[in-house]
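Below are the chains, spelled out letter by letter.
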Amino acid sequence: MSFNTKKIKKNAFRITKDREVTALRIRVPGGHIDAHYLSLIKEIADEHGDGTLHITTRQGFEVPGISFADFEEVNEKIAPILEGMEKEIGVEIVDPGDGYPAAGTRNVSACIGNRVCRYSNYDTTELAQEIEKNIFPNDYHVKIALSGCPNDCIKGHLQDFGILGMIEPIYHQERCIGCEACVDNCKKRVTSALSFEQERVVRDEQRCIGCGECILQCPTNAWERGGQFFKVVIMGRTGKKNPRLAKPFLKWASRDVVISIVNNVYDYIERHIDTSLAKEHIGYIVDRTGYPQFKEEILKGVELNSECEIADKINWNGYQTGEKI
Amino acid sequence: MGFNFSKNEFNQLLESLDQEYQIYAPVRKKKKDSFSANDLITYDLVKSLEEIELTAKSKYSAKEIVFPIRETLFHFVEGEQFMASDTDDKYIIFLRPCDRNAFKRLDKIFLENGPEEDIYYKRLREKVKFFVIECTTGFDSCFCVSMDSNTVESRDYSAFLRFEEDGVSCEVNDQDLAAEFEAQAKEIDFEPEFIRKNKIEVNLPDRDKLTNEVFEHQLWTEYSQRCIACGRCNTSCPTCSCFTVKDVLYDENKKSGERFRRWAGCHIDGFTEMAGGHNFREEYGDRMRYKTMHKIYDFGERFDFDMCVGCGRCDDVCPEYISFSKCINKLSTIIEEGV
């Protein structure tokens, strides 16, 4: 059998350890899927795969055990998935019958968000789909995940971009009964940003991480949901060389700022990528150019909202895997 | 006197009433509730019919208009005191029968429960006119019929309004307002209607059979496990009227400051805390018992009708899904079947 492996991989099929056998990756932007697509995925797994499915860490499905001979037929069969889950949200798909047009930029994953979760500060799926629309299809290797709140259940701290929802809590003293539920909770579970002084709650803006717990605790709605913002943590990764957690890049960034910086990433990669490697991940590029260069380029043309704070310096640390433990 | 308004005419009426009154009604504040993207239904000022939320129950009642959450009682500076100033504002409050009946309970507590009338409550309460919203279907958690608070007598409202698809029909019962209503609408015959059956029915325990023995019943220990003492049942209740009094000395000048009162709740920590740190209702189940007894026993012993009006708000807001109506029914069963 002869085929171009690079083309196959771009088409979201994997070169597996078994010759002649491939596996298909199905994206689920925002991690939320209309249940009816599962019947189609089941059909493909039963008829072309080995009847099993792997649920990926990025919230997609991988259908293993597909014969390379079937890949065109499988592509035709997944057309409704590309139509409904990509084209429908605005992703440019020329022919849904040709399968996925790229695989480099990974599925934009998201926690369950405010459609279900009480802690989430926004609709993570909706924003993930908006970002997917802007950056997919794309060959560059970029991983993005969205969490509704700083709990970061989607583990955005292990991504190139972790986008965490923040909410500005607005205090109305005239509605406060002084029960201090917000203060106690912030002390025990968050950052001790709140204190009770002179019979009123005082919020330390520097310490506040915008999680919205105070709003949730309040029995009188004395804390109001104010503006919607985001914390953006960047360049976290696993990997063989230097695993590390992402570090804060922006705090109190607006939705527009988040969307713009993600869009700018691709020009930055284009300019600096080491093309001698198969697919250099963005984190390693930032290691090479340095954070100041990255920051300058990624913020180019971005209109920052007045509340937005930017990290001056970032030191990721992590650890060098080759060292003695 | 009955009247019928088109929507437009009713808005003209509101416009003219707005000249003299602050008009409060339940409104829908988009995406302003505690959970993200959820709407908050609460009381606020309105200027038009379209702003009034008629399809959902408000999270909080109208009580906060007359009994503010935090209210300055007097200011002090050096050795002198000044009573907190009053405004000339007059109020119209749109509310359902249960909530109108809740004000009857508040009136008892603030005006008749002791040798002195509460002057702060009284001076606001005297300036309120009630516009009762006809309520014939209620909501899932309501049990007003069981609490006998589904109806309102005509002397207890200035207007009684039926909101219809293309307008508003109403009865006016207030000489101060009759002229304004007449100016905008045509006269009709109007008979208020009330809800006669809720989805939830509550059996009230026979007061004579409620003895101290029931205080020790394991019914309450279950609530010790479930309740988290957040106090939402208190703050959403239209009849909870407890408050605490505090003094604040201003940072800038410690010789001046204010005394204010602020809502307190029997489920919230600190409610029974006394000098020396003694606290006589530490267990959350005991707090549930105390509240239950007040709502359906003590108050009734004193004033002949129960305090709870069956609005069901405490059920709606409890994060632990504790149902007050269920609690009353459990208590009744225990009383009937013997403790």
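Quick caveat, the model's predicted, so the values are computed rather than measured.

### Quick notes on the sheet that holds strand β11 (residues 243–249) of chain B
Residue and element names in this part refer to chain B.
Phase 1 of the analysis: Pairing within the open sheet is antiparallel, and its four strands lie in the order β5-β4-β12-β11. The open sheet terminates on both sides in strands that have one partner only, identified here as β5 (80–83) and β11. Shown here is a sheet whose adjacent strand axes are inclined to one another by a mean of 25°, direction ignored.
Phase 2 of the analysis: The pairing of strand β4 (residues 70–77) with strand β12 (residues 256–263) spans seven bridges and is classified as antiparallel. Bridging from a neighbouring strand, Phe-76 pairs with Gly-257 of β12.

### Things to note about the interface of chain B and chain A
For interface size, the figure often reported is the accessible area lost on association.
Phase 1 of the analysis: At the interface, 27 residues of chain B touch 26 residues of chain A.
Phase 2 of the analysis: Taken together, the connections running from chain B to chain A amount to three salt bridges.
Phase 3 of the analysis: Between Glu-199 of chain A and Arg-262 of chain B there is a salt bridge, with the nearest N and O atoms lying 2.9 Å from each other.
Phase 4 of the analysis: Counting every contact that joins chain B to chain A gives 18 residue pairs in polar contact (both at pLDDT 80 or more).
Phase 5 of the analysis: Considering only residue class, the side of chain B that touches chain A consists of 12 nonpolar, four polar and 11 charged.

### A closer look at the pairing of β5 of chain B
Residues and elements named next belong to chain B.
Phase 1 of the analysis: Sheet topology places β4 next to β5; four bridges connect them, and they run antiparallel. Within β5, the residue paired with Phe-74 across the bridge is Met-83.
Phase 2 of the analysis: A loop of two residues connects β4 with β5, the two strands running antiparallel in sequence, and Glu-78 in this loop sits at a positive phi of about 50°.

### Some remarks on helix α1 (residues 7–18) of chain B
All names here are of chain B.
Phase 1 of the analysis: Between the first and last C-alpha of α1 there are 16 Å, a value that for 12 residues agrees with the 16 Å anticipated at 1.5 Å per step.
Phase 2 of the analysis: Turning to α1, its buried residues are Phe-10, Asn-11, Leu-13, Leu-14 and Leu-17. Looking straight down α1, one finds that the buried residues subtend no more than 155° of arc, so they occupy a single side. Residues of α1 that are exposed and angled more than 90 degrees away from the buried face: Asn-8 and Glu-15.

### What about the domain arrangement of chain B?
All names here are of chain B.
Phase 1 of the analysis: By domain assignment, chain B separates into domain 1 (2–69 + 86–188) and domain 2 (207–337).
Phase 2 of the analysis: The C-alpha-based centres of domain 1 and domain 2 are spaced at 26 Å.
Phase 3 of the analysis: Taken together, the contact pairs 32 residues of domain 1 with 32 residues of domain 2.
Phase 4 of the analysis: Broken down residue by residue, the surface that domain 1 buries against domain 2 is led by Lys-63, Arg-105 and Phe-143, which jointly contribute 24%.
Phase 5 of the analysis: Along the contact surface separating domain 1 from domain 2 lie three salt bridges.
Phase 6 of the analysis: Put simply, Lys-57 and Asp-316 hold a salt bridge, and the shortest N to O gap is 2.8 Å.
Phase 7 of the analysis: Applying the counting criterion to the domain 1 and domain 2 interface returns 19 residue pairs in polar contact (both at pLDDT 80 or more).
Phase 8 of the analysis: Element by element, the count of residues in the side of domain 1 that touches domain 2 is highest for helix α3 (residues 97–112), at 11 residues.

### Overview of the nonpolar core
Residues and elements named next belong to chain A.
Phase 1 of the analysis: Ranked by size, the top nonpolar core spans 42 residues in total, and within it Phe-161, Phe-249, Ile-261 and Phe-294 carry the most contacts.
Phase 2 of the analysis: Those elements that provide at least two residues to this core are α5 (124–135), β6 (144–147), β7 (161–171), β10 (223–234), β11 (247–253), α8 (255–272), α9 (282–289) and α10 (291–298).
Phase 3 of the analysis: Counting residues per element, this core draws most heavily on α8, which supplies nine residues.

### A few points about the packing of aromatic side chains
Residues and elements named next belong to chain B.
Phase 1 of the analysis: Scanning the model with the defined rule gives 33 aromatic pairs over all chains in all.
Phase 2 of the analysis: Residues Phe-3 and Phe-181 carry aromatic rings whose centres are separated by 6.1 Å and whose planes lie at 45° to one another, so their mutual orientation is tilted. Of this pair, Phe-3 sits in strand β1 (residues 2–6) while Phe-181 sits in helix α5 (residues 175–184); the two residues are 178 residues apart in sequence, bridging distant segments of the chain. Across this residue pair, the class does not change: Phe-3 and Phe-181 are buried.

### Quick notes on unusual backbone geometry
Residue and element names in this part refer to chain A.
Phase 1 of the analysis: Cis geometry marks the peptide bond from Phe-136 to Pro-137; its omega dihedral reads 0°.
Phase 2 of the analysis: The topology assignment puts Pro-137 in the loop between α5 and β6.
Phase 3 of the analysis: Despite not being glycine, Ala-12 has its phi angle at roughly 75°, a positive value.
Phase 4 of the analysis: With respect to the element layout, Ala-12 can be found in the loop between α1 (5–10) and β1 (13–15).

### Some words on the pairing of strand β9 (residues 167–172) of chain B
Residues and elements named next belong to chain B.
Phase 1 of the analysis: When you tally the buried positions in β9, you get six out of six residues, the bulk of the element.
Phase 2 of the analysis: Residues Gly-167, Ser-169 and Glu-171 line one face of β9 and the alternating positions Val-168, Cys-170 and Val-172 line the opposite face, and both faces are buried.
Phase 3 of the analysis: Pairing of β1 with β9 involves five bridges; the strand directions are antiparallel. Paired with Gly-2 across the strands is Glu-171, a residue of β9.
Phase 4 of the analysis: When strand β8 (residues 159–164) meets β9, the two strands line up antiparallel, connected through six bridges. Bridge pairing links Leu-161 to Cys-170 in β9.

### Structural notes on a negative patch on the surface
Residues and elements named next belong to chain A.
Phase 1 of the analysis: On the surface, Glu-72, Glu-73, Glu-76, Asp-95 and Asp-98 cluster together into a patch of negative charge.
Phase 2 of the analysis: Along the chain, Glu-72 turns up in helix α3 (residues 71–77).
Phase 3 of the analysis: Relative accessible area serves as the criterion here: at 57%, Glu-72 is assigned to the exposed category.

### Some remarks on the pattern of salt bridges
Phase 1 of the analysis: Enumeration over the complete set of coordinates arrives at 51 salt bridges over all chains.
Phase 2 of the analysis: The salt bridge partner of Glu-62 of chain A is Arg-14 of chain A, with a shortest N-O separation of 2.5 Å. Of this pair, Glu-62 of chain A sits in strand β4 (residues 61–67) while Arg-14 of chain A is found in strand β1, placing the two residues 48 residues apart along the sequence.
Phase 3 of the analysis: Residue classification places Glu-62 of chain A among the buried residues on the basis of a relative accessible area of 8%.
Phase 4 of the analysis: Salt bridges here are not isolated pairs; linked through shared partners, they connect Arg-28, Lys-30, Asp-39 and Glu-53 of chain B.

What counts, and at which threshold
Residues numbered from 1 in each chain as written. Chains lettered and ligands numbered in written order. Predicted model: local features only at pLDDT ≥ 70, side-chain atom pairs only at ≥ 80, totals over all residues. Heavy atoms only, no water. Pairing = 2+ DSSP bridges. Helix = DSSP H or I, 4+ residues; strand = E, 2+ residues; numbered from the N terminus. Axes fitted to C-alpha atoms, helices over the stretch in contact; angles between N-to-C directions. Contact = heavy atoms within 4.5 Å. Salt bridge = Lys/Arg side-chain N within 4 Å of Asp/Glu carboxyl O. Polar contact = N/O pair within 3.5 Å; in protein donor to acceptor, adjacent residues only side chain to side chain. Nonpolar A, V, L, I, M, F, W, Y, C, P; charged D, E, K, R; others polar. Expected span 1.5 Å × (residues − 1). Buried < 20%, exposed > 50% of the residue type's maximum accessible area, 1.4 Å probe, protein only. Arc of directions from axis to C-beta. Domains from an automatic or database assignment. Buried area = accessible area lost by both parts, 1.4 Å probe. Core = buried A, V, L, I, M, F, W, Y, C linked by side-chain atoms within 4.5 Å. Phe/Tyr/Trp six-rings, centres within 6.5 Å; stacked < 30°, edge-to-face > 60°. Patch = residues over 30% accessible without salt bridge, like charges linked within 9 Å, V, L, I, M, F, W, Y side chains within 5 Å. Areas by Shrake-Rupley, 256 points an atom, 1.4 Å probe, with all protein chains shown as cover. Lys, Arg positive; Asp, Glu negative; His and termini not counted. Charge placed at Lys NZ, Arg CZ, Asp CG, Glu CD.

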